[in-house]
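# Breakdown of the fold
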Amino acid sequence: MNNTPSTCNSCSALAQDNLTLFETKYWKVDLAPNQAYLGRSYVNLKRHAGHLSSLTPDEWAELGEVVRRFEETATKVFDATCFNWTALMNNAYKSDSPDPHLHLHIWPRYQTAPVVNGVVFEDPNFAHHYDKTAVRDIEPGLIDAIKLQLIDGAL
Ligand SMILES: [Zn+2]
C-alpha cells in the first residue's frame with residue numbers, strides 16, 4: 001500500500017482481522033462493532049486512495065463482486081430486505097489537510113425483524129433513511145455468532 005497515514009481508520013482496519021467477513025484482492029469486508037442494523041459492515045479499499053473516481057477498472061469490477069456476495073449472503077442468512085450503501089468520507093474533511101481513504105458502509109435493512117441467538121434486531125425506520133445515531137453494542141459472543149453466520153452463509 002502507498003501512503004498509509006498512521007491516523008487513517010481504514011488503514012488501521014486493514015491491519016486487523018477480528019471482525020473480518022471476507023477479503024478479495026482489492027477489498028476487505030469487516031463487520032461493524034455497532035450492530036444497530038444487523039450485519040452492518042464496512043468495505044475498505046486495500047490501498048490508501050480517496051475517491052470512487054480513483055478506482056481502477058479491476059477494482060470497480062471486483063467491487064461489484066463484493067456487493068453481490070455480501071447482499072446474497074445477508075439475504076440468505078438474515079433475510080435482509082434491501083441494503084443502504086454509502087461512501088461518505090466526511091470525517092476526513094474535518095481535518096485541515098484531508099486525506100480520505102475510500103470505504104463503503106453497508107446498512108442491511110429489514111422489513112421483518114431478524115433474530116440471532118434469540119435476540120431480535122428491529123429496524124423501526126424501515127423504508128426510510130437509516131438512523132445514523134442508532135447504537136447497539138452487543139456481547140462478544142453474539143457478534144461472533146453474527147460473523148460466523150455471515151461467513152458460513154457465503155460458502
Ligand atoms: Zn488509509
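To start, this report covers the structure provided alongside it. Keep in mind it's a predicted model, so treat the numbers as computed, not measured.

What counts as what
Residues numbered from 1 in each chain as written. Predicted model: local features only at pLDDT ≥ 70, side-chain atom pairs only at ≥ 80, totals over all residues. Helix = DSSP H or I, 4+ residues; strand = E, 2+ residues; numbered from the N terminus. Buried ≥ 20, exposed ≤ 12 C-beta atoms within 10 Å, placed from the backbone. Contact = placed C-beta atoms within 7 Å. Pairing = 2+ DSSP bridges. Axes fitted to C-alpha atoms, helices over the stretch in contact; angles between N-to-C directions. Core = buried A, V, L, I, M, F, W, Y, C linked by C-beta atoms within 7 Å. Expected span 1.5 Å × (residues − 1). Arc of directions from axis to C-beta.

### Let's talk about the environment of arginine 40
Along the chain, the position of arginine 40 falls in the loop between strand E2 (27-31) and strand E3 (41-45). Look at arginine 40 and you get buried, because 20 C-beta atoms sit within 10 Å. Here the alpha-carbon distance between arginine 40 and asparagine 84, two residues 44 residues apart in the chain, equals 9.7 Å. Beyond its immediate sequence surroundings of up to four residues, arginine 40 is in contact with Ala32, Asn34, Gln35, Ile106, Trp107 and Pro108.

### Considering the pairing of E2
Taken across its five residues, E2 has five buried, putting it largely inside the fold. By the alternation rule, side chains of E2 split into Trp27, Val29 and Leu31 and Lys28 and Asp30, which are all buried. Relative to E2, strand E1 (residues 20-23) runs antiparallel, the two being bridged by three bridges. By the bridge assignment for E2, phenylalanine 22 is matched with valine 29. Linking E1 back to E2 in an antiparallel pair, the connection comprises three residues. For E2 and E3, the ladder comprises five bridges, and the chain directions are antiparallel. Note that in E3 the partner of tryptophan 27 across the bridge is leucine 45.

### Describing the sheet that holds strand E4 (residues 82-86)
Judged by pairing direction, the sheet is antiparallel, and its five strands sit side by side in the order E1-E2-E3-E5-E4 without closing on themselves. Whereas interior strands pair on both sides, the edge strands pair on one side only; in this sheet they are E1 and E4. The average angle at which neighbouring strand axes cross in this sheet is 20°, direction not considered.

### Comments concerning the nonpolar core
With 19 residues, the main nonpolar core has Val29, Val43, Ala74, Phe78, Ile106 and Leu150 as its most contacted residues. Per element, the largest residue contribution to this core is four residues, and it comes from helix H2 (residues 57-78). Not counting residues within four places of it along the chain, the set of residues in contact with valine 29 comprises Leu21, Phe22, Ser41, Val43, Val66 and Phe70.

### A closer look at H2
At 3.6 residues per turn, the α-helix brings residues three or four places apart onto the same side. The end-to-end C-alpha distance of H2, which contains 22 residues, comes to 32 Å, matching closely the 32 Å that a straight helix rising 1.5 Å per residue would cover. Taken together, the buried positions of H2 are occupied by Phe70, Thr73, Ala74, Val77 and Phe78. Angular distribution of buried residues about the axis of H2 spans 95°; they occupy a single face of the element. Exposed residues on H2 whose side chains face more than 90 degrees from its buried face are Pro57, Trp60, Ala61, Gly64, Glu65 and Arg68. Buried residues belonging to H2 abut E2, E3, strand E5 (103-109) and helix H3 (140-153). Count one or two residues on from H2 and you reach aspartate 79, which has phi positive near 55°.

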